[in-house]
Every structure is written in structure tokens, then in C-alpha cells.
Amino acid sequence: MITFDYIRPATTKAAIDALKKESSAQFIAGGTNLVDLMKHGITAPQRLIDISRLPLNIIEQKGNMIRIGAMALNSTVAENALIQQQLPLLSQALQAGASPQLRNMATVGGNMMQRTRCAYFYDTTLPCNKREPGSGCSALQGYNRMHAIFGASDQCIAVHPSDMCVALAALDAVVVIADSKGERRLPFIDFHRLPGNSPHVDNNLAKGEMIVGIEVPLNNFVKHYRYTKIRDRQSYAFALVSVAAAIDIKENIISDIRLAMGGVGSQTVATNKS
Amino acid sequence: MEKFFFEDDNNRVTGKAVVTGKAKYAAEHEVEGVVYGVLVGSTIAKGSIIAIDTKAATKAPGVMKVITHENSYKVPGYDYGGNPAKGLTGGKGLQVFNGNTIYFAGQPIALVIADSYERAVYAASLIKAQYNQDVHATDFAEMGKSVIAVEGQRYKDNIRGEADAYKNAAVKLEAEYIVPNEVHNPMELHAVIAKWGADDKLTVWEKTQGVKSAQRSIAAAFKLKEDDVQVFAPFVGGGFGSALRTWPHSIAAVIGAKMVKKPLKLVLTREQMFQLVGYRPYTKQRIGIGADKDGKFIGITHEADGVTSMYEEFTEGTVNVSKILYQCQNVTTRYKLYPLNLSTPTWMRGPGEATGCFALECAIDELSYLLNIDPLELRLKNYAETDPERNRPYSSKFLKEAYQLGADKIGWKDRDPRPASMKQGEWQVGYGMSTGLFNAGRGNAKASAKLYADGTLIVQTAVSDSGPGTQTSMTMIAADMMGLPVNKVTFEYGDSSLPPGPTQGGSTTTSTLGSAVYGVCFALQNKIIDILKTDGTFNKTDLKVEDVSFTDGGVLLKSDPAKKRTYSDILSKAKLNQLEVSDDSKASEQMRNYSAYSYSVHFVKVLVHSKTGVIKFDKIVATADAGKIISPKTARSQMIGGVVGGIGMALMEEAVIDNRFGKYINNNFADYHVPVQADVPEIEVAFVNKPDPILNPIGAKGMGEIALIGFAAAVSNAVYHATGKRVRDLPITLDKIM
């Protein structure tokens, strides 16, 4: 049996310190993807650092932006009055994801950190560059009707499965990242990476860093917005393609527009224009 | 029987136990000292095992034994040293751990037994096999090319009238239809607990649709007396056919329990559910159908290419539907079977008829457009009043009534017959319909009944209930016969030591077992009459069953209803604690002169998005001629369940094989889609509800299979009507419409 330690630090700082100490440690929050990865033998952390109870679940307006704590649950964010009033596109995208049971466990930070659902990534008997760099990509010539349309490389054609991320990309969100020295901010659109020659690296989070929150600037996309998800069944299915779209109309003129696509690459594809 | 009087009080008798978690499924029985087995599957699809390194696994914490073909207990009923190339025979199954030949990916090569499930899983990951790998055949596109069909008498052409007569018809259609591999995927994983007791007696808790057939299979494999094997299956969390046979994993569990001398529990993983418990086989069908200008069928030719494993023959009656569903003089059928490096398929709800009706019922729809005749009218023009294959009458057939019921409820007359003519905003609207049929059988069964002095009744028989609500319908039949409220009747089942009941498959349980329960209650009625003749109650020594009513927990004289005696009175006066009877029930001689079928009709209204191709159901109507409906609520649920399965078959289910590796690639519940609540619209169910006067004394025909048969064709037909695009290969995913 593969054994592992489980710890639950009381503070964000203690959690980040714990991550630093043990090289194979990983954060766990809702665990909706990580536990699957452990069961499949894709990852085997020797220490799980439970961050789900850290005080990072606040959803609040701060000046001209809304800050969402990384540990806020997907279902909580989707149903939050402030989000529904000010960022209805985000609420809609969250509701389109997974199933109610999963949304009740999954956190905002975990949603960003989830890994691809490419079937070859999960079958440890088959080659996969994302799982085992240099082993080859089984999906390239395989069952790939849900795989990348944009930004793929000859190393990997996997897509990031999140719905929430598509709305975040459309809404110019910023990721708040902390390490032992302090905080930094990264535009959401730069968070996930294209596969290139290192498809095993999903994102630009550095070692020892933690996502502590998301900041979304207030906008006027509260009236004309839509998250559309095309999938093989009406719920609990990943997108064949999804679109987060929003416009702002002033005096019968479209003054601002946002368009982002999900299910088409390892990053959300956004064509935001002001 | 005159009526079933619990129609307003028709809840599932086990419903509360199921939804509150009190119902115990196969893996949930608490057996003291149980150890855990995990199966390791082959990573190649064809070849042989050169060596298996089990050292690391054997040394892993908690591991008690690792079993492979090299050290397995020799199953007495197996054919060791046999030559697997003897040719395909049906019904033998894979002999687990017998020899080193690999026939399919996932074939069990080792059983790891440990003191906890987690330890067994980990140790299983340490097993390393070395193979001599051969080139496998899993590609359906190679059937008839590099993969050659099985030869044999049963694969000869079957010709009624003139061969391929459709070719000379005024209006004709030829088309090819594909049904992919589909996996039953019941929610409950297949599981077994095996426990050897003293004197080589064996107890098995098994997920099975037939406790008696499981008992027979296990007893035969281990050369035990049947009575020395006791199989329990009090609750079965869905089967859909996958639990109709005893699979190699169950035999492996019994081997494991024998070798470690402890009770052993083995639960398959969801991935193993794709490999080890059967599937609906991929079938490619060609239909040729021709009619005269008035729509009268001139000829039907139905050809099917099915698949089986490399070690066992499995065939389906796919093409038979074309022989019997419509009146047509000239019918040609051809069936070919191709062995591939996959496990053996098995019956999946509606088996061959569901596959066959998809092709036939789509083809008839296609023909209707060529003829410019309404598809329902075309079916009525070719309605079979008698069995066209066997030239004999039906025991009952109310298909016309089922058509009418469905057409009225969906609003068929409002349909604009032109394809792609109806719109609703951005959605294209389509109506489609289809017919399904399945043999209505009645087999042998035995039931016993005990009436106690406190007015309670116990009825017993060894049947499983995999979901249709057999306990409920049997309880109702007994309650109705004896005039007792349902809460005074207990139906005991799911234990092979009870009087032999049928395996729950082929839509025969209600007909077979319902007749046995009816029969045993009738015997009980007669026994009560015998007592009443002599105890002076009614002063009638020639008292007959017809003279009385069994009602309100007792007997009353029809000619003088004031004369009423409760069962408690009767038994206590006779100084009896209980009355016990048993009854053997079997089909009547009369049935040999009749054909018996159940029929379903599905009407669907679909919405297809004009830009994205997304398909939604607006409304579904399912009607059936299933004879007398015994238990209306569970019958309705069964029809709904069949439709939900049909939605999966029509729109989403396909077990995808990556032919480079010869293995399933979407082998989990996230990637292999079955319908979720959001996919299911309002489903209206209506039964003709007329008793079959010949088949059995209760008038019921079967309905588990017909609930699904034909449904996928109705959807394909509706999608064509909505869009003008004909999808002939299932599932109808949106990329095939765009």
C-alpha cells in the first residue's frame, strides 16, 4: 500500500512552509481530481497538505474588483449573490461544470489546478508525454474527438477541462499567488501553459507557490452574457467546445466585448477586445 | 384473476430498504474473517504469458497469496491441457488461470489476495508479466477482410419465399446500419464473496440475475452437488443482462477462497466491467427492403455481421425480427459471426432484437419517404395478423392499439411529414416512431406458500430481482389471490436453497414466476376449501373454489356473503399452525399452437439545434402490449428505465476501442456516457393492458426487453424528420448531424 502523511496546517504561511519542506508534498482541497490521480497511480504524493479549511474562502468586493478566495467552493461561488449580480457569466460557467456533488467539493483554486481528462493520461499502461515525459503521445493518432484545436504541439493535444476558467479568461481575471516571501499577481490568461515541449507542466505556478485567490475587475457584462457549452450529454460531461461571451452595449453600440473558448486547448483561448 | 386491487398502493415492497441503504448488495454482506481479492488483467490483447513475476507482490504487506495459471488450484470442471484451437463452442466461457494463452486485453492473469482491499490493490500493481505478443484483431473494419467469419450450419442463409425479392420491387431501399459495442454498466459493480465451509460446502454471495443458474454453474465447475452450493442475491443493483452468467471472476474468487482457506471478497473495478462481464456486440447490418407502389412489402433482406471472442461462440437473433415483425412473403436473412480479441459478449437489454429493430425500423422509415406514405400507416399496411414465419396464430396481439395510444399522446397527426419542415425558434423539430417486439415466453418454476394462523402468508422461490420489482409483483399476485393486504404477504427470494425459480432474463420472470405464484396460491385455496368442506362452516361438502371469494383475510360464500371466515378462524378450528403447499408450474401444451410476442411502440419528439446539432428530447411516449399489467407502478418504471437505456443507445453509448492497443479507452463513467437526469424529458407510458388468454393464467406477457427495443430507431427517424439527415451508425452524436 502506498502510504502518505496527511497534515492540516492552521495558516496559509504554515501550509506554504510545509510544501517547501517535503519535495513530493501536494496541496489537497476538495480532492475531486487529486484522489482520482492517486487511485490511478498517476501521482503519489508522500504528504498531503489539506488547505481546504484555510480562511481563503471569502468572496468580497474590494474597490473596483471582486476577490474570490481560492478555497471558495465552486457551488458557493456560483450561488453567491454578489457573483450573480456582478459576474453572472462566472456563475453560469460554474453551473455548467461537473455535477452538483463535485461542485460542492471542488474549490476555485483546485478547479484551476485540475489536470486534463485525456483518457491516455489516465491509462498508465499507455504512452503519454504529460504523464511520463518522452514516452510519446497516444492521443495524436488515437481517440481524440475532444482534444485540442488550438495551441497543441506534436508532444501533446490534451485540453484543460475547466468551465470556470473560460469565464475567468473572458473577464480579465488575475490570479493571486503566494509563497513564503509574499504575493504576486498573474493575469489569468497567462496561468495555464501551452504544451510545447514540456506538456507535463500545466501552468506557471512555481514550486512552493499557492493560489490564494482570484481577482476579477468589475465590468459591465451583467446584462448581455452567455456561457454556452456543447457536450455529448446535458450534464456531467466535459465540453466538446464551450464559449464564454459577453458584450456591453452603450447607446445601441457595442462598447466592449469578450469572447473565450474552452475545451479547445490546454489554455482557454480568449480574444478579448476593448 | 378479476382485478388487482392494490393499484393505488403499489409501492415497491423493498423500496424503503433500497433508498435507506438497508438493502445489502453482493459486496456488502458482512462475512467474518473475509479477505480481499484483486484481479490483475493482461496488458496485451493477444499472445501468451512467458513469465509472471509475483515476488514483489507476494512480499508486499498483508498479502496472503498471489494466484496465477502457474499455481492455481485446478478447477475440477475445467479442461486442463485442452487445445484452445478446437473451434468455437457456445456457453463454455473463459477458464480462468487455465493456461497461458491471452485472448483479450484485461483477461485475468493473476489474483492477489490480501488482508485489506487497499493492500491487495497495491500488491496487484507490482505484478509484472512478460508476454510473447501476437498481432491482435480488434478492428471492426477488418471484419470480412483480415478477420474471417466463423463457419457452420447455423450461418447458412435463411430464405423464406424468394431470395432477395426486394430487388425486384417497384420501390426499394438498401442501407447499412451500425450498432457499436455497448456496455451494460449497472451502477452496482459485479462482486462476489465466496466462503468454503465444513465438508466442502460452499456459500456464495453473488451479483446474479439467477441464483439457481449461478448455483448450477459453480457446482459444475467445482464438481460439487448442487445442494452443497448456496448462492445468495437478495438485492441486485441492476444487471441488464450482465449478471445472467457466472463469469470467470466469480470462479476466481472461489478458487482464491479455497487456496487461502478464508472467505474471499472480490469486486470488479469499473474498468474491469468493460472487460469481464460482457457487452452488447458491435453489429453491422444491411437491410434491403422493397414494396409495391401502395406500400405492400415485396421482400425484406436482413444481413448482420456480429462479433464474438476468440474462445467462445456468442450469437444473437438480430436478423430474426425481419422474419416476424411484418407480413411479408419473401424474407432473406444472413448472419455472420467474427471472432475478435475481445471478451465474449452477452445479452444486453433487448439483446439481438434491439440491434435488429434499429436497422429494420430505420429502414422502414426510410422506405416510407420513398413511398410518400406516413411511416405509421406503412407499418399498418403490413401488419401481421398471424405469425408469418410459423404460420400460426398469436396468443394475443394488440399492437394496433399500442400504435393508436402512442400516436394520440404524441400528437402524431400534427406532424408535417416533410423533413426539416418544422421549427421552434433555433431548434428544428422532428417526430419519429418505431416498433419493438420480443418473444413472450413462459418457463418452469416452483414456488411454495405457507399460510400462518395469524393470517400472514410467505411465498418462496429462488429468483433474483435485478430491478424490475419482482418482489412487488409477486407479492401483489399472492395478496390478490388470497385476499390479503400486501403487508401480510412476504415474498422470499434471492436464495438458491428455495424452490427453483427462473433466471431473470428474456422478459419471462413475471410470466413464469407469476404463474407459479398464482399456481401455488390456487393450490392453497383448494387446500382451504378441503378444510371448509369438512369443518361444517358452510354446510357444503361439495364446496368448490368457484363458490367462494378469498377476500379480507378470509373466505366468504358468494351465495351468502354474510357467511365469512378468516384464515385465523379456519386454521385454529382445524388446530393447524400453518398450511403449506408447493406447486410446479410450466407452459401449457396449448401454447405449442401459438406464437407469443410482446410489443412496444416508441414515439419521440426531438429538438435539434440548427447551429450546433445538439439533440434534446421534447417528449417521449412509450406504449406497449405486454398483456395484463400486474404491478402498474413498477411496470411503468420499467418502461421508463428501458427508454432511458434507449436514450443512451441512441445518443451516447459506445465503448471505444483503440485498435493499436486492442483495449477500451473510455472505460469509466465519466467518458462512457449514459443518460443523466438532464437528458431525460417527460416520458409518458401507456399500456394496452389486455390479458393474454393463452400464455399463462395471469395474462401477463414480458416487458423488460421491449421497453428498450426499437427506441434508437425512433430517435434516428425523428432526427431525420427534424433535419433531413439520416444517421445510420449509433450513437447519434452531434458531429454526425452538423
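Numbering of residues starts from 1 in each chain and follows the order in which that chain's sequence is written. Throughout, the order in which chains and ligands are written sets their labels, letters from A for the former and numbers from 1 for the latter. Reporting in this predicted model follows two pLDDT cut-offs: at least 70 for local features of residues, and 80 or more for side-chain atom pairs to be given and counted; totals over whole chains, interfaces and linings ignore these cut-offs and use all residues. Side-chain metrics in this entry use all non-hydrogen atoms of the structure; hydrogen atoms and water are not considered.

Student: Honestly, the overall build of chain A in this entry has me stumped. Any pointers?
Tutor: Across its full length, chain A carries nine helices and 12 strands. Taking 2.2 N^0.38 as the reference for a compact globule, 274 residues should give roughly 19 Å; the C-alpha atoms of chain A span a radius of gyration of 18 Å, in line with that estimate. With the principal axes as the frame, chain A shows a C-alpha extent of 65 × 45 × 30 Å. For every residue, the accessible area (1.4 Å probe, protein chains only) is compared with the maximum for its type, and the residue is labelled buried under 20%, exposed over 50%, or partly exposed between those bounds. Buried positions account for 51% of the 274 residues belonging to chain A. Here, two residues are considered to be in contact whenever any of their heavy atoms come within 4.5 Å of each other. A separation of at least 24 residues holds for 58% of the contacts in chain A among residues at least 6 apart in sequence. Charged residues are defined narrowly, with Lys and Arg counted positive, Asp and Glu counted negative, and His plus the chain ends left uncounted. Throughout, a charge is located at the NZ atom of Lys, the CZ atom of Arg, the CG atom of Asp or the CD atom of Glu. Positive and negative side-chain charges in chain A, numbering 28 and 22 respectively, have mean positions lying 2 Å apart. Secondary structure elements follow DSSP: runs of H or I of four or more residues count as helices, runs of E of two or more count as strands, with numbering from the N terminus. The size measure is the radius of gyration over C-alpha atoms, and the globule rule it meets is 2.2 Å times the number of residues to the 0.38 power.

Student: Would you mind showing me how to read the overall build of chain B here?
Tutor: When you go through chain B residue by residue, the secondary structure sums to 15 helices and 29 strands. C-alpha extents for chain B along the principal axes are approximately 80 × 75 × 50 Å. The proportion of buried residues among the 738 residues of chain B is 62%. Considering only contacts in chain B between residues 6 or more positions apart, those separated by 24 or more positions represent 80%. Carbon and sulfur atoms provide 48% of the accessible area of chain B, an area that totals close to 27700 Å². Computing the positive centroid from 84 side-chain charges and the negative centroid from 81, chain B places the two 2 Å apart. What sets the accessible areas is the Shrake-Rupley method with a 1.4 Å probe; for residues, cover comes only from the shown protein chains.

Student: Teacher, can you tell me more about the state of the cysteines here?
Tutor: Residues and elements named next belong to chain B. The term disulfide is used for any two cysteine sulfur atoms that are within 2.5 Å. A full pass over the atoms with the stated rule returns zero disulfides over all chains. Summary of cysteine pairing: C328 is not part of a disulfide, and the nearest cysteine sulfur, belonging to C357, is at 15 Å. By relative accessible area, C328 is classed as buried at 2%.

Student: What's the story with the domain arrangement of chain B in this structure? I'm lost.
Tutor: Buried accessible area, meaning the area lost when the parts come together, often serves as the stated size of an interface. All names here are of chain B. An automatic or database domain assignment provides the domain bounds reported here. Examined at the domain level, chain B breaks down into domain 1 (26–132 + 189–237 + 243–275), domain 2 (283–441 + 592–736) and domain 3 (442–586). One C-alpha centre belongs to domain 2, the other to domain 3, and the line joining them spans 38 Å. Taken together, the contact pairs 18 residues of domain 2 with 17 residues of domain 3. For this analysis, a salt bridge means a side-chain nitrogen from Lys or Arg found within 4 Å of a carboxyl oxygen belonging to Asp or Glu. The interface formed by domain 2 and domain 3 includes zero salt bridges. For the side of domain 2 that touches domain 3, the secondary structure elements donating two or more residues are strand 17 (427–439) and helix 14 (632–651). When residues of the side of domain 2 that touches domain 3 are assigned to their parent elements, the largest contribution, three residues, is made by helix 14. Each residue is assigned to one of three groups, with Ala, Val, Leu, Ile, Met, Phe, Trp, Tyr, Cys and Pro labelled nonpolar, Asp, Glu, Lys and Arg labelled charged, and all others, Gly among them, labelled polar. Split by residue class, the side of domain 2 that touches domain 3 holds nine nonpolar, eight polar and one charged.

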